[in-house]
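Structural description and commentary
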Amino acid sequence: MLQELNNAYGFIFEKELLEEISKTGILKSAREGEIIMDIGNYITSMPLLLEGAIKILREDKEGNELLLYFLERGDTCALTLSCCLGQTKSEIRAVAEKDTQYILVPIAKIEEWTTMFKSWRNFVFESYQSRLSEMLETIDTLAFMNMDQRLLRYLQDKAKINQSQELQVTHQQIAYDLNTSRVVISRLLKKLELEGKILLQRNHLVVYDL
């Protein structure tokens, strides 16, 4: 596990901290589509991503989901951290965007390392800032972008996270993430294809405009 940690976080954390994480962290894995954390769960540890990607979703009272942001290797979730330290229930859902490996850090160590290691303290603060910026971008897309612009932005982000222009995703899955109907998504995907920004194929699509 130490080697995987070093590959993902060696440029951020000092050797002593990497060894501490390796000793106390719990190595976990999740398959694509698996729920890693759900709304209403009590959070007692914070994830550090080693491989893969996780999408963070919010849900309204009717059960409609909205994608907030993605996490990649070297990231953590500030909202999870907030729930950890505040000992409150999760208000978000974390789903593996693709096969993912991560380490769970216990809450006691989160606080202890903040005083022991400057690199950890900086990492936590920068994670808060990064996730806040991403949520503000999400708010901006909702407030200022048309649905076709939101859709293209979503596809571009998804392609970058998966490191592939070809996406294995259904119209219904996109509709869930963007909190709209499948009919609307199908119509807008066809519009984007006519504009030369994507190519629709059976069971997948290709994103050209990155």
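Each value, and the rule that gives it
Residues numbered from 1 in each chain as written. Predicted model: local features only at pLDDT ≥ 70, side-chain atom pairs only at ≥ 80, totals over all residues. Heavy atoms only, no water. Helix = DSSP H or I, 4+ residues; strand = E, 2+ residues; numbered from the N terminus. Rg over C-alpha atoms; globule rule 2.2 N^0.38 Å. Buried < 20%, exposed > 50% of the residue type's maximum accessible area, 1.4 Å probe, protein only. Contact = heavy atoms within 4.5 Å. Lys, Arg positive; Asp, Glu negative; His and termini not counted. Charge placed at Lys NZ, Arg CZ, Asp CG, Glu CD. Expected span 1.5 Å × (residues − 1). Arc of directions from axis to C-beta. Pairing = 2+ DSSP bridges. Axes fitted to C-alpha atoms, helices over the stretch in contact; angles between N-to-C directions. UniProt positions renumbered as here; feature names shortened; annotations may be inferred. Salt bridge = Lys/Arg side-chain N within 4 Å of Asp/Glu carboxyl O. Phe/Tyr/Trp six-rings, centres within 6.5 Å; stacked < 30°, edge-to-face > 60°. Patch = residues over 30% accessible without salt bridge, like charges linked within 9 Å, V, L, I, M, F, W, Y side chains within 5 Å. Areas by Shrake-Rupley, 256 points an atom, 1.4 Å probe, with all protein chains shown as cover.

Quick look at the overall build of the chain now. Counting its regular elements, the chain contains 8 helices and 8 strands. The C-alpha radius of gyration of the chain comes to 18 Å, within 12% of the 17 Å expected for a compact globule of 210 residues. The buried share of the chain, taken over its 210 residues, is 43%. The long-range fraction of contacts in the chain, counting pairs at least 24 apart against all pairs at least 6 apart in sequence, stands at 71%. For the chain, the separation between the mean place of its 25 positive charges and that of its 31 negative charges on side chains is 3 Å.

As a further point, take helix α8 (residues 182-194). An α-helix turns once every 3.6 residues. As a result, residues three or four positions apart point the same way. Between its first and last C-alpha, α8 extends 18 Å over 13 residues, near the 18 Å set by a 1.5 Å rise per residue. Those residues of α8 lying buried are I185, L188, L189, L192 and E193. The arc enclosing the buried residues of α8, seen along the axis, measures out at 145°, which places them on a common side. In α8, the exposed positions angled more than 90 degrees off the buried face are occupied by V183, R187 and L194. Residues of α8 that are buried sit in contact with α6 (147-162), α7 (171-178), β7 (198-201) and β8 (204-207). G196 occupies a position one or two residues after α8 and carries a positive phi of about 80°.

Strand β4 (residues 65-72) sits mainly inside the fold: 7 of its 8 residues count as buried. By the bridge criterion, 7 bridges tie strand β3 (residues 45-59) to β4 in an arrangement that is antiparallel. Bridging from a neighbouring strand, K55 pairs with F70 of β4.

Let us look at the sheet that holds β8. Sheet strands pair by backbone hydrogen bonding; their relative direction is either parallel or antiparallel. Pairing is antiparallel in the open sheet, where 3 strands are placed in the order β6-β8-β7. Since the sheet does not close on itself, it has two edges, and those belong to β6 (166-167) and β7, each with one partner. When β6 meets β8, the two strands line up antiparallel, connected through 2 bridges. Within β8, the residue paired with L167 across the bridge is L205. Contacts from α8 reach β7 and β8 within the one sheet, and its direction differs from that of β7 by about 125°.

Let us look at the UniProt feature "domain: Cyclic nucleotide-binding" (unreviewed entry) in the chain. Cross-referencing UniProt, the feature "domain: Cyclic nucleotide-binding" (unreviewed entry) maps to residues 16-76 in the present numbering. In residues 16-76, the share of helix is 15% and the share of strand is 51%. The end C-alpha atoms are 19 Å apart.

What follows is about the pattern of salt bridges. Under the definition given, this model contains 15 salt bridges. Of the charged contacts, one joins E97 and K158 as a salt bridge, the two residues approaching to 2.5 Å between their closest N and O atoms. Of this pair, E97 sits in strand β5 (residues 93-106) while K158 sits in helix α6, and the two are 61 residues apart along the sequence. Comparing E97 with K158 shows no difference in burial state: the two are buried.

To continue, consider the packing of aromatic side chains. Counted by the stated rule, this structure contains 6 aromatic pairs. A centroid spacing of 5.6 Å and a plane angle of 45° characterise the contact between F13 and W120, whose relative ring orientation is tilted. Highlighted residues: F13 in the loop between α1 (2-9) and α2 (15-24) and W120 in helix α5 (residues 118-144), separated in sequence by 107 residues. Judged by relative accessible area, which is 3%, F13 ranks as buried. By relative accessible area, W120 is classed as buried at 0%. On the basis of an interplanar angle of 85° and a centroid distance of 5.1 Å, the ring pair of F13 and F123 is categorised as edge-to-face.

The subject of this paragraph is a nonpolar patch on the surface. A cluster of nonpolar side chains, L132, L136 and I139, forms an exposed patch at the surface whose accessible area comes to about 270 Å². Examined against the element boundaries, L132 turns out to sit in helix α5. Owing to a relative accessible area of 42%, L132 belongs among the partly exposed residues under this scheme.

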